[in-house]
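Chain by chain, the residues run as shown.
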Amino acid sequence: MKNGVFKIMKNNQFKENIAKLLDAIQLYFPAAYGGFINRVLWKDIKTYCLFIGYPRSGHSLIGALLNAHPNMIIAHELGDLKYAYLGFRRWQLYYLLMKKAQWASKKDITLGGYNYYVPSQWQGKVNQLQVIGDKQGEGTILRISANCGHLQQLRQIINVQIKFIHIMRNPYDNISTISRKTAKLNFDLTVLK
């Protein structure tokens, strides 16, 4: 029985990896074109920002607030390390981050049950872009722990200083929010024992 479950899990993981690869292939040329067309925006970037941490920690709120700054673009969970590892160039990555940040900044978008629109600010647009990055705390940590080559590849591609943002809150808040958002737990944390 265990071997059958393992084969199903392995098959599902294979399908997910193929879907991610096809997604990356589909974005490669539009990102190259968009990155080149917008190359003037990238010339003043001095800092790349990566979120690290735990799920349900408030990363989305902080990312949205930083994205509202006139000199920053912080995308909502693009998965930048994946694209860097797949060989996307700096301009391509920056373009994808910009498009994802613009999409997440729309007034009617709800992410994880919350709306992160900041009225009358710079979400989705910039004055002079100096900081760019991706808000994907748990995803970043999982990718780096699975293969530290992801981070090294990103460093080589962007060639600017990387700053990490690590948001921590009371662990009981994380746990209670995860239990509310996970249907199979049904608010019963004893299931995890």
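Quick caveat: nothing in here was measured; it's all calculated off a predicted structure.

Q: Help me understand the overall build of the chain in this model?
A: Helix and strand content of the chain: 8 helices and 4 strands. Burial analysis of the chain (193 residues in total) assigns 39% to the buried set. When contacts within the chain are restricted to residue pairs at least 6 apart in sequence, those whose partners lie at least 24 apart make up 79%. With an accessible surface of roughly 12000 Å², the chain has 58% of that area assigned to carbon and sulfur atoms.

Q: Explain helix α8 (residues 171-181) to me, please; I cannot follow it from the model alone.
A: Since the α-helix turns once every 3.6 residues, residues separated by three or four places project in the same direction. Regarding α8, the residues found buried are Asn174, Thr177 and Ser179. The backbone nitrogen of Tyr172 has a side-chain oxygen 2.9 Å away, supplied by the residue at the start of α8, namely Asn170.

Q: Mind showing me how you'd approach the pattern of salt bridges here?
A: A side chain with one charge can pair with a side chain of the opposite charge if their charged atoms come near. Summed over all chains, the structure comprises 3 salt bridges. For the salt bridge of Lys82 with Asp23, the shortest nitrogen-to-oxygen distance reads 3.6 Å. Of this pair, Lys82 sits in helix α4 (residues 80-85) while Asp23 is found in helix α1 (residues 2-37), placing the two residues 59 residues apart along the sequence. For Lys82, a relative accessible area of 14% translates into the label buried.

Q: Would you take a moment to explain the sheet that holds strand β4 (residues 161-166) for this structure?
A: Hydrogen bonds between backbone groups are what pair the strands of a sheet, and the pairing can be parallel or antiparallel. The sheet built from 4 strands is open, its strands ordered β2-β3-β1-β4 with parallel pairing. The open sheet has two edge strands, β2 (72-76) and β4, and neither has a second partner. Averaged over all pairs of adjacent strands, the angle between strand axes in this sheet comes to 20°, irrespective of strand direction. Against the sheet, helix α6 (residues 137-146) contacts β1 (47-52) and β3 (131-135), and its axis sits at roughly 90° relative to β1.

Q: Looking at this model, I keep getting lost on the packing of helix α5 (residues 90-104) against helix α7 (residues 149-158). Mind explaining?
A: What describes two packed helices is the angle between their axes and the distance between those same axes. At a minimum axis separation of 8 Å, α5 and α7 run at an interaxial angle of 100°. Taken together, the axes of α5 and α7 lie roughly perpendicular to each other. In contact with Arg90, Leu93 and Tyr94 of α5, α7 contributes Leu154, Ile157 and Ile158. Residues that form the contact of α5 with α7 fall into these classes: 5 nonpolar, no polar and 1 charged.

Q: So what exactly am I meant to see when it comes to α6 here?
A: Residues Gly137, Gly139, Thr140, Arg143 and Ile144 constitute the buried set of α6. Buried residues along α6 sit in contact with β1, α3 (59-67), α4, β3 and α7.

Q: When you look at the packing of aromatic side chains in this model, what are you seeing that I'm missing?
A: Aromatic ring pairs: the centre-centre distance and the angle between the two ring planes describe each pair. Summed over the entire model, instances satisfying the criterion amount to 6 aromatic pairs. Judged by centre distance (5.1 Å) and plane angle (75°), the ring pair of Tyr28 and Phe88 falls under edge-to-face. Residue Tyr28 is found in helix α1, and its partner Phe88 is found in the loop between α4 and α5; the two are separated by 60 residues along the sequence. With a relative accessible area of 29%, Tyr28 lands in the partly exposed category. The class of Phe88 is buried, set by a relative accessible area of 2%. Measuring from centroid to centroid gives 6.0 Å for Phe36 and Trp91, while their planes differ by 45°, and the two rings are tilted. With Phe36 in helix α1 and Trp91 in helix α5, the pair connects residues that are 55 residues apart, well separated along the chain.

Procedures and definitions
Residues numbered from 1 in each chain as written. Predicted model: local features only at pLDDT ≥ 70, side-chain atom pairs only at ≥ 80, totals over all residues. Heavy atoms only, no water. Helix = DSSP H or I, 4+ residues; strand = E, 2+ residues; numbered from the N terminus. Buried < 20%, exposed > 50% of the residue type's maximum accessible area, 1.4 Å probe, protein only. Contact = heavy atoms within 4.5 Å. Areas by Shrake-Rupley, 256 points an atom, 1.4 Å probe, with all protein chains shown as cover. Polar contact = N/O pair within 3.5 Å; in protein donor to acceptor, adjacent residues only side chain to side chain. Salt bridge = Lys/Arg side-chain N within 4 Å of Asp/Glu carboxyl O. Pairing = 2+ DSSP bridges. Axes fitted to C-alpha atoms, helices over the stretch in contact; angles between N-to-C directions. Parallel < 35°, antiparallel > 145°, perpendicular 65-115°, else oblique. Nonpolar A, V, L, I, M, F, W, Y, C, P; charged D, E, K, R; others polar. Phe/Tyr/Trp six-rings, centres within 6.5 Å; stacked < 30°, edge-to-face > 60°.

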